[in-house]
Amino acid sequence: MRNKKNNTPIVVSSHDVHLDSDYVQWIHDIKERFRGAQIKAAVKVNSE
């Protein structure tokens with residue numbers, strides 16, 4: 001995100017962000033799917 005006046009980045013502190021449990025679970029699921037895809041691709045490459 002950038003400041004509209006002078007196009008500088010806007011810094012947000014972690015204490016300003018509230019992460020609910022649904023969001024945390026969603027991120028966890030995405031990470032698992034991504035890691036699974038990485039492993040599957042590595043196995044496929046190594047088998048070739």
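This text follows the structure it describes.
Residues numbered from 1 in each chain as written. Predicted model: local features only at pLDDT ≥ 70, side-chain atom pairs only at ≥ 80, totals over all residues. Heavy atoms only, no water.

**Some thoughts on the overall build of the protein chain**
Along the backbone of the protein chain there are one helix and zero strands. A principal-axis box enclosing the C-alpha atoms of the protein chain has dimensions of 55 × 30 × 15 Å. Relative to its 48 residues, the protein chain shows a buried fraction of 0%. For the protein chain, the computed accessible surface area is about 5,000 Å², with 56% contributed by carbon and sulfur atoms. In the protein chain, 8 positive and 6 negative side-chain charges are present, and the distance between their average locations comes to 11 Å. (Helix = DSSP H or I, 4+ residues; strand = E, 2+ residues; numbered from the N terminus. Buried < 20%, exposed > 50% of the residue type's maximum accessible area, 1.4 Å probe, protein only. Areas by Shrake-Rupley, 256 points an atom, 1.4 Å probe, with all protein chains shown as cover. Lys, Arg positive; Asp, Glu negative; His and termini not counted. Charge placed at Lys NZ, Arg CZ, Asp CG, Glu CD.)

**Points about the environment of Val17**
Along the chain, the position of Val17 falls in the segment before α1 (21–47). Through-space distance from the C-alpha of Val17 to that of Ala37 is 29 Å; in sequence the pair is 20 residues apart.

**Some details on the packing of aromatic side chains**
Taken as a whole and judged by the stated rule, the model has one aromatic pair. Consider the rings of Tyr23 and Trp26, whose centres lie 5.9 Å apart with planes at 40 degrees: the pair is tilted. Taken as a pair, Tyr23 and Trp26 lie in helix α1 at a separation of three residues, close to a single helical turn. What makes Tyr23 partly exposed here is its relative accessible area of 39%. (Phe/Tyr/Trp six-rings, centres within 6.5 Å; stacked < 30°, edge-to-face > 60°.)

**Quick look at a nonpolar patch on the surface**
Nonpolar side chains collect at one region of the surface, where Ile10, Val12, Val17, Leu19, Tyr23, Val24, Trp26 and Ile30 lie side by side and expose about 730 Å² of accessible area between them. With respect to the secondary-structure elements, Leu19 resides in the segment before α1. (Patch = residues over 30% accessible without salt bridge, like charges linked within 9 Å, V, L, I, M, F, W, Y side chains within 5 Å. Salt bridge = Lys/Arg side-chain N within 4 Å of Asp/Glu carboxyl O.)

**Notes on the environment of Lys44**
Position of Lys44 relative to the elements: it lies in helix α1. Separated by 17 residues in the primary sequence, Lys44 and Ile27 have C-alpha atoms spaced 26 Å apart.

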